[in-house]
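Topology and contacts: notes
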Amino acid sequence: MFVLVEMVDTVRIPPWNFQRKLNDAVAEELNKKLANKVVYNVGLCVCLYDITKLDDSYIFPGDGASHTKVHFRYVVFHPFLDEILVGKIKYCGQEGVHVTMGFFDDILIPPESLQQPAKFDEAEQVWLWEYETDEGAHDLYMDQGEDIRFRVTDEVFVDTSPTGPATDTAAPAEAGQPASAPKEEEEEKKEAPYTLIGTICEPGLGLLSWWNS
């Protein structure tokens with residue numbers, strides 16, 4: 001689930017931190033920059049593990065801060081494929097069941113990966129498992145907050161780096177006609193930079209233990 005990743009970065013230390021030990025100042029700046037951030041094709045950065053090497057520091061003209069090339073290891077959340085994890089159901093939607101692990105929310109179990117037969121209850125906005133017993137079928141709801149055990153089957157990284165402004169090719173409004181709203185005001189769905197795709201593991205939910213109790 002958690003891995004150590006070797007990284008290299010140039011850290012800028014402002015002049016008012018020169019009185020501190022270099023290692024402490026560098027560690028603080030690295031955590032400010034990386035903690036709780038997703039690095040593309042690496043994973044969710046959690047915290048600095050250690051600093052393995054500090055190169056010489058330089059002060060450039062026009063900038064009173066020092067710049068130091070740092071080699072370090074960082075703790076990263078990046079489960080391997082087929083790893084089994086335990087989370088809680090955050091909410092359900094037509095696209096599947098969304099799962100949270102407390103510190104990471106972008107986990108999706110699509111409908112085809114749920115325990116079958118499964119169907120979506122539009123009224124309750126939850127998925128349910130039609131559990132077959134000798135007495136007939138019973139609907140076991142996948143309620144918000146339920147514990148769920150799943151296996152990681154895929155991961156999706158999206159480059160969310162800022163891009164340049166889009167060129168506005170819309171024709172100018174004619175006299176007496178209201179101008180159209182600027183594109184910036186249009187809501188755009190934000191994509192998660194890192195998403196895990198999973199499938200429910202048997203028994204998957206705490207439903208069977210609840211039913212048999």
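Anyway, here's the lowdown on the structure attached to this text. (Residues numbered from 1 in each chain as written. Predicted model: local features only at pLDDT ≥ 70, side-chain atom pairs only at ≥ 80, totals over all residues. Heavy atoms only, no water.)

**So, unusual backbone geometry**
- Cis geometry marks the peptide bond from Gln116 to Pro117; its omega dihedral reads 0 degrees.
- Relative to the assigned elements, Pro117 resides in the loop between strand E7 (107–109) and strand E8 (118–121).
- The phi dihedral of Asn36 is positive, around 65 degrees, even though this residue is not glycine.
- Structurally, Asn36 can be placed in the loop between helix H1 (22–34) and strand E2 (38–39).
- The exposure class of Asn36 is exposed, given its relative accessible area of 59%.
- Despite not being glycine, Asn41 shows a phi value in the positive range, around 65 degrees.
- Looking at the secondary structure, you find Asn41 in the loop between E2 and strand E3 (43–59). (Helix = DSSP H or I, 4+ residues; strand = E, 2+ residues; numbered from the N terminus. Buried < 20%, exposed > 50% of the residue type's maximum accessible area, 1.4 Å probe, protein only.)

**As for the pattern of salt bridges**
- Within this structure, the stated rule accounts for 10 salt bridges.
- Close ionic contact of Arg73 with Asp50 constitutes a salt bridge, the shortest N to O distance being 2.6 Å. Taken as a pair, Arg73 in strand E4 (residues 66–77) and Asp50 in strand E3 lie far apart in primary sequence, 23 residues in all.
- Judged by its relative accessible area of 22%, Asp50 falls in the partly exposed class.
- Where Lys88 meets Asp147, a salt bridge forms, and the shortest distance between an N and an O atom there is 2.7 Å. Note that Lys88 is positioned in strand E5 (residues 84–93) and Asp147 in strand E11 (residues 147–157), a separation of 59 residues in sequence.
- When its relative accessible area of 41% is taken as the criterion, Lys88 is described as partly exposed.
- Through salt bridges with shared partners, a single network forms among Arg20, Glu28, Glu29 and Lys32. (Salt bridge = Lys/Arg side-chain N within 4 Å of Asp/Glu carboxyl O.)

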